[in-house]
Amino acid sequence: MLNNRKVVCILSFLSSMNISASALTAQRQRLDIISENVSNIDTTRTETGGPYRRKMVVFEDKAGDVSFKDSLNNAIIERDGKGRLVRRDYNPGVRVSQIIEDQSDFKTEYNPEHPDADESGYVRLPNVNMLEETLDSMSATRSYQANVTVLNAVKLMAQKALEIGR
């Protein structure tokens, strides 16, 4: 049978793993959007009629607009009226709140032979910059790797805690 300290320890480890798992999911989605941007770098005609617009991912705290004091209170594991350990409903971590389109100007290129050229011979090209996408993908990859490292460290600590508890 688990004592109270072990239950609190296990719940803390699970919370840490949930936080890192949410970050992994968010960064994977960010990489998906970056891949979409790169694959559409030359798309001059979309379903809406114009060139492809670069997309960006917006992250937000899963818990919403919670004060620091409320976060601490929510992280507490306490006893209910029957003496059982309970944790308040609190879901820390990060999530993708929305995917927005970059409203910066499209690039233009003089190419009167292009089927999407205007009367002056200019073609509007997507506002995707390969350098920005490369940097964003490197950042997302590093964040992903950091969260994998955190998950592995939490897993190792949980294993060591269980060994000590034997």
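Residues numbered from 1 in each chain as written. Predicted model: local features only at pLDDT ≥ 70, side-chain atom pairs only at ≥ 80, totals over all residues. Heavy atoms only, no water.

K.L.:
Now, about the overall build of the protein chain: what can you tell me, with residues and values included?
P.N.:
From N to C terminus, the protein chain includes 3 helices and 6 strands. In sequence order, the secondary structure elements of the protein chain are arranged as α-β-α-β-β-β-β-β-α. The buried share of the protein chain, reckoned over its 166 residues, is 24%. Here the analysis covers contacts within the protein chain between residues at least 6 apart in sequence; of these, 66% occur between residues at least 24 apart. (Helix = DSSP H or I, 4+ residues; strand = E, 2+ residues; numbered from the N terminus. Buried < 20%, exposed > 50% of the residue type's maximum accessible area, 1.4 Å probe, protein only. Contact = heavy atoms within 4.5 Å.)

K.L.:
Requested: an account of the pattern of salt bridges, with residues and values cited.
P.N.:
A full pass over the atoms with the stated rule returns 10 salt bridges. Between E132 and R54 there is a salt bridge, with the nearest N and O atoms lying 3.5 Å from each other. Linking E132 in helix α3 (residues 130–164) with R54 in the loop between α1 (4–39) and β1 (55–61), this pair joins segments that are 78 residues apart in sequence. Between R54 and E133 there is a salt bridge, and its shortest N-O distance comes to 2.4 Å. (Salt bridge = Lys/Arg side-chain N within 4 Å of Asp/Glu carboxyl O.)

K.L.:
Which residues make up the packing of aromatic side chains, and what values do they have?
P.N.:
As enumerated under the stated definition, the model contains 1 aromatic pair in all. When the ring of Y110 is compared with that of Y122, the centres are 5.3 Å apart and the planes differ by 65 degrees; the resulting orientation is edge-to-face. Linking Y110 in strand β5 (residues 107–110) with Y122 in strand β6 (residues 122–125), this pair joins segments that are 12 residues apart in sequence. Exposure remark for Y110: the relative accessible area of 53% places this residue in the exposed category. Judged by its relative accessible area of 41%, Y122 falls in the partly exposed class. (Phe/Tyr/Trp six-rings, centres within 6.5 Å; stacked < 30°, edge-to-face > 60°.)

K.L.:
For the environment of V57, give the residues involved together with the corresponding values.
P.N.:
Mapping V57 onto the fold places it in strand β1. Considered as a pair, V57 and R95 are 38 residues apart in the sequence and their alpha carbons are 9.9 Å apart. The contacts of V57, once residues within four sequence positions are left out, are Q29, R30, I33, V96 and Q98.

K.L.:
Describe the side chain of R53, and please don't skip the residues or the numbers.
P.N.:
If you trace the backbone, R53 turns up in the loop between α1 and β1. Buried charged residue R53 carries no salt bridge. Nearest counter-charge: E101, at 4.5 Å. Engagement of the side chain of R53 in a polar contact is seen with the backbone oxygen of S104, the distance being 3.1 Å. Not counting residues within four places of it along the chain, the set of residues in contact with R53 comprises E101, D102, Q103, S104, F106 and N127. (Lys, Arg positive; Asp, Glu negative; His and termini not counted. Polar contact = N/O pair within 3.5 Å; in protein donor to acceptor, adjacent residues only side chain to side chain.)

K.L.:
Quick one: what's the story with the environment of I33, residue by residue and with numbers?
P.N.:
Here I33 is to be found in helix α1. According to the relative accessible area criterion, I33 is buried, its value standing at 8%. In this structure the C-alpha to C-alpha distance between I33 and K55, which are 22 residues apart in sequence, comes to 6.6 Å. In this structure I33 touches K55, M56, V57 and I99, once residues within four positions along its chain are discounted.

The analysis is restricted to geometry; functional conclusions fall outside its scope.
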